[in-house]
Amino acid sequence: EPEVTQTPSHQVTQMGQEVILRCVPISNHLYFYWYRQILGQKVEFLVSFYNNEISEKSEIFDDQFSVERPDGSNFTLKIRSTKLEDSAMYFCASTRGSADTQYFGPGTRLTVL
Amino acid sequence: AQKVTQAQTEISVVEKEDVTLDCVYETRDTTYYLFWYKQPPSGELVFLIRRNSFDEQNEISGRYSWNFQKSTSSFNFTITASQVVDSAVYFCARKGGGADGLTFGKGTHLIIQP
């Protein structure tokens, strides 16, 4: 069964550095999502992406964040200048239709030192 | 914001007991979707069930059952004859139409003791 994959599984970076988190959505899916989960807290929506542009974004998704689908398979989340509070698990999800169930990738744990 | 509330932060029961996890949601949408996800200690988010707002039929799947009541904006989840492997954090989530994301509750940490 097709799955959403994410790389790396764990990323450690220094405050102020740029990081790119990578996701490979399920191949025939059209909607792509990023979420984050700070340790011990709830999962929070960051952004949705459809037809090569952002569809919706939350208040968390400020100017330091960007998303891109650089080719036909990858969907990336870039954090321009990481802060300590960006330390979290970042989950990617994808769906074929906007109302379909979101299946999540295994997550990338980002640690900002 | 249209919130999802899971009032139970943590529940601890002994194996084989039945346990119900509560979820109350807010919505201004006519059409919306409700979900339960399980997050075991390994950290992944595992989809369990979804309900569309226009389908109030409750469902039983093995030891799991769900009770969706639009009148009280609740979508509760029951595990019958709990097992240690059911120990996890369970999240209730809501989604409206369009490409908006899921709004999650804070989760209920379920501990099943042997």
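Up top is the structure these notes are about.
Criteria and thresholds
- Residues numbered from 1 in each chain as written.
- Chains lettered and ligands numbered in written order.
- Predicted model: local features only at pLDDT ≥ 70, side-chain atom pairs only at ≥ 80, totals over all residues.
- Heavy atoms only, no water.
- Helix = DSSP H or I, 4+ residues; strand = E, 2+ residues; numbered from the N terminus.
- Contact = heavy atoms within 4.5 Å.
- Buried area = accessible area lost by both parts, 1.4 Å probe.
- Salt bridge = Lys/Arg side-chain N within 4 Å of Asp/Glu carboxyl O.
- Polar contact = N/O pair within 3.5 Å; in protein donor to acceptor, adjacent residues only side chain to side chain.
- Nonpolar A, V, L, I, M, F, W, Y, C, P; charged D, E, K, R; others polar.

Caption draft 1: Region of the structure containing the side chain of Thr-101 of chain A. The residue Thr-101 of chain A is located in the loop between β9 (88-95) and β10 (103-104) in this model. For Thr-101 of chain A, the contacting residues outside a window of four places in its chain are Ser-94 and Thr-95 of chain A together with Phe-35, Tyr-37, Phe-47 and Arg-50 of chain B.

Caption draft 2: Seen up close, the interface of chain B and chain A. Taken residue by residue, the interface counts 19 residues in chain B and 19 residues in chain A. Taken together, both faces of the contact between chain B and chain A bury some 1600 Å²; the carbon and sulfur share is 61%. At the junction of chain B and chain A, the tally comes to 0 salt bridges. Scanning the region where chain B abuts chain A turns up 7 residue pairs in polar contact (both at pLDDT 80 or more). Mapped onto the side of chain B that touches chain A, the elements with two or more residues apiece are β5 (33-39), β6 (46-52) and β10 (88-95) of chain B. Ranked by residue count, the leading element in the side of chain B that touches chain A is β5 of chain B, at 4 residues. Residues belonging to the side of chain B that touches chain A are distributed by class as follows: 9 nonpolar, 5 polar and 5 charged.

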